Amino acid sequence: MQNDFFSTDEFSARQKSGLQQAINHAFNNSPFYRRVFEQAGLEPADIKNPADFSRVPFTTKNDLREAYPYGMAAVPLDKILRIHASSGTTGKPIVAGYTRSDLDTWAIGVARICEMAGVSAKDIAQISFGYGLFTGGFGLHYGLEQLGATVVPFSSGNTERQLTLMQDFKTNVLVSTPSFAIYMAETARELGYNPREFGLRIGLFGGEPCSDALRKDIEAQWGLKATVNYGLTEVVGPGISGECLETAGMHILEDLYYPEVIDPDTGELLPDGEKGELVLTPMFKEGFPVLRYRTGDITRLIPEKCACGRTTRRMDYITGRSDDMIIIKGVNIFPSQVEEVLAGFKEVSPHYRLVLKKEKGFIKDLEIQIELTEEGFTDSYKELEALDGRIRQRLRSTLSLAPKVKLMEPKSLERTTGKAKRIVED
Ligand code: DLL
């Protein structure tokens, strides 16, 4: 679409007025940002152009967690049409609320991302992201409808039925996490199908990192062109950046989302090309605006122009996180959430480990090894099984994912003298 081809001057002008609008809206309507500005001794008039913008303090996941549930709202709640949420570092999720204008901007942005990836109004797209508080299902749904594609809103799970309907409905675009795409191909083969005969043309994958090996494997198994797109709930959801058919980094919708990359330790702004933590500012968000949000995602802005001719800058693939968040099957998990659950059981000690079972560069499964206390340990299999069941049930409801649980004998997990090593790869 036209905005992806703006000249540098056009982008600068848009960003200048977009940032001004974001700052004025936050200052005038969000009690949270009014406080932030006052504490920093800043007024909106102090920020005249993007170069001054780095004077605005960062917003962190912790700020949003403390604002639970509606503390980030900058409009009366009756103007909020939809709520989404993603996992916070502890029990309370991070909440995002959208006005009608926010939903429209979001849908148009996602439509641009889909079009960049080669999807058109002629395509039939099956969405295998969860529909619910997660932004993946609804986000891609309204974006694809905006583009005019035919949407099959399957949601996640029920793989065999997904495969049947994919064939019956002649689906040619698959929308999912990369790990689910490979799982579906494996299931198809187990059921005796050849995935290459399904006729899938394009994959729109996101919500978690996709290694090169995994991308190649998905493409080989399905015979499709795999594209990757990126986003996060705190800023909007999916539809912040995505690949064009050059598949050489993800074009950021720079007229809607202002990107910066900082040194995660010092907060210092880094030039294009240097790797650091991505900071994003949605410029036209009304409902729950955020300024300079520290995404935790490690990447760089690619300085070179893309061969496709689009002028939006690209961000490189996410190579890590500045915090300890892990993503399993598209679900974001923090060790602190696990810790909080375990603290509620007197039978378990504070010693636990998250064992990541990796395959082809992605996390296929999570096992949580939990050490019992001397008092909690028993020879009774029945009692241990009951405890295991209770812990699993609490973990499942807190994490929105069912990890494997392994109860360990007292003092069996390795102790460290320094920082506890909670996450290990198998
Ligand atoms: O995962 C939004 C989304 C849904 C994006 C569907 C794309 C497709 P959250 O649940 O808030 O939102 O998780 C956001 O997921 O900060 C990244 O760490 C990670 N992430 C998302 N997309 C990618 C990607 C959605 N393409 C967090 N590559 C982000 C690597 C990704 N990591």
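Residues numbered from 1 in each chain as written. Predicted model: local features only at pLDDT ≥ 70, side-chain atom pairs only at ≥ 80, totals over all residues. Heavy atoms only, no water.

**As for the overall build of the protein**
- Summing up its helical and strand segments, the protein has ten helices and 21 strands in all.
- What you see for the protein is a C-alpha radius of gyration of 23 Å, in line with the 22 Å of a compact globule of 426 residues.
- Dimensions along the principal axes, computed over C-alpha positions, put the protein at roughly 70 × 60 × 45 Å.
- Within the span of the protein, comprising 426 residues, buried residues form 53% of the whole.
- At a minimum sequence separation of 6, the contacts of the protein that also span at least 24 residues come to 66%.
- Put simply, the protein shows about 18,900 Å² of open surface, and 49% of that area lies on carbon and sulfur atoms.
- Side-chain charges in the protein split into 51 positive and 59 negative, and the spacing between the mean points of these groups amounts to 2 Å. (Helix = DSSP H or I, 4+ residues; strand = E, 2+ residues; numbered from the N terminus. Rg over C-alpha atoms; globule rule 2.2 N^0.38 Å. Buried < 20%, exposed > 50% of the residue type's maximum accessible area, 1.4 Å probe, protein only. Contact = heavy atoms within 4.5 Å. Areas by Shrake-Rupley, 256 points an atom, 1.4 Å probe, with all protein chains shown as cover. Lys, Arg positive; Asp, Glu negative; His and termini not counted. Charge placed at Lys NZ, Arg CZ, Asp CG, Glu CD.)

**A few points about the pattern of salt bridges**
- What the rule picks out here adds up to 22 salt bridges.
- Note that Arg321 and Asp323 form a salt bridge whose closest N and O atoms lie 2.8 Å from each other.
- Asp388 serves as the salt-bridge partner of Arg392, at 2.8 Å between the closest nitrogen and oxygen. Taken as a pair, Arg392 and Asp388 lie in helix 10 (residues 381–399) at a separation of four residues, close to a single helical turn.
- With relative accessibility at 34%, the residue Arg392 sits in the partly exposed group.
- Taking relative accessible area as the criterion, Asp388 reaches 14% and is therefore assigned buried.
- If you follow the salt bridges from partner to partner, you end up with Asp4, Arg112 and Asp255 in one network. (Salt bridge = Lys/Arg side-chain N within 4 Å of Asp/Glu carboxyl O.)

**Some details on a nonpolar patch on the surface**
- Together, Tyr70, Leu77, Ile83 and Leu133 give the surface a local cluster of nonpolar side chains, amounting to about 370 Å² of exposed area.
- For Leu77, the location among the structural elements is in the loop between helix 3 (61–66) and strand 1 (82–86). (Patch = residues over 30% accessible without salt bridge, like charges linked within 9 Å, V, L, I, M, F, W, Y side chains within 5 Å.)

**Things to note about the nonpolar core**
- Leu140, Leu144, Val175, Leu204 and Trp222 are the most contacted members of the largest nonpolar core, which totals 88 residues.
- Per-element accounting of this core gives the leading share, seven residues, to helix 4 (residues 100–116).
- With sequence-adjacent residues up to four places away left out, Leu140 is seen in contact with Val110, Cys114, Ile127, Phe129, Thr135, Val175, Leu204 and Pro238. (Core = buried A, V, L, I, M, F, W, Y, C linked by side-chain atoms within 4.5 Å.)

**Quick look at the site of the ligand**
- In the vicinity of the ligand there are 23 residues, among which Gly207, Asn229, Thr233, Asp297 and Asn332 approach most closely.
- For the ligand, an oxygen atom lies 2.5 Å from a polar atom in the side chain of Thr233.
- Within the contact set of the ligand, an oxygen atom lies 3.4 Å away from a side-chain nitrogen or oxygen of Arg321.
- Here the ligand loses 97% of its free accessible area of 610 Å² to cover by the protein chains.
- Those elements that place two or more of their residues in the shell around the ligand are helix 5 (135–147) and strand 7 (225–232).
- Here the shell around the ligand gets five residues from one element, more than from any other, and that element is strand 7. (Near = heavy atom within 4 Å. Polar contact = N/O pair within 3.5 Å; in protein donor to acceptor, adjacent residues only side chain to side chain.)

**Overview of the packing of aromatic side chains**
- Under the definition given, this model contains eleven aromatic pairs.
- Ring geometry for Phe129 against Phe134: centres 5.8 Å apart, planes inclined by 70 degrees, an arrangement best described as edge-to-face.
- A network of ring pairs unites the aromatic residues Tyr131, Phe138 and Tyr142 as a single cluster.
- Lying over the aromatic face of Phe27, Arg34 brings its terminal NZ or CZ to 4.1 Å of the ring centre. (Phe/Tyr/Trp six-rings, centres within 6.5 Å; stacked < 30°, edge-to-face > 60°. Lys NZ or Arg CZ within 6 Å of the ring centre and 35° of its normal.)

**A word on the sheet that holds strand 11 (residues 276–282)**
- Taken in spatial order, the four strands of this open sheet run 10-11-12-15, and their pairing is antiparallel. Strands with a single pairing partner mark the edges of an open sheet, and in this sheet they are strand 10 (257–262) and strand 15 (320–321).
- Alignment of strand 10 against strand 11, held across six bridges, turns out to be antiparallel. Looking across to strand 11, one finds that Pro259 is bridged to Leu280. (Pairing = 2+ DSSP bridges.)

**Considering the domain arrangement of the protein**
- Structurally, the protein comprises domain 1 (1–321) and domain 2 (326–425).
- For domain 1 and domain 2, the distance between their C-alpha centres works out to 31 Å.
- Where domain 1 abuts domain 2, roughly 1,300 Å² becomes buried across the two surfaces, and 55% of that area is made up of carbon and sulfur atoms.
- Inspection of the domain 1/domain 2 interface yields one salt bridge.
- Here Glu186 makes a salt bridge to Lys364, at a shortest N to O gap of 3.7 Å.
- On inspection of domain 1 and its partner domain 2, the count reaches two residue pairs in polar contact (both at pLDDT 80 or more). (Domains from an automatic or database assignment. Buried area = accessible area lost by both parts, 1.4 Å probe.)

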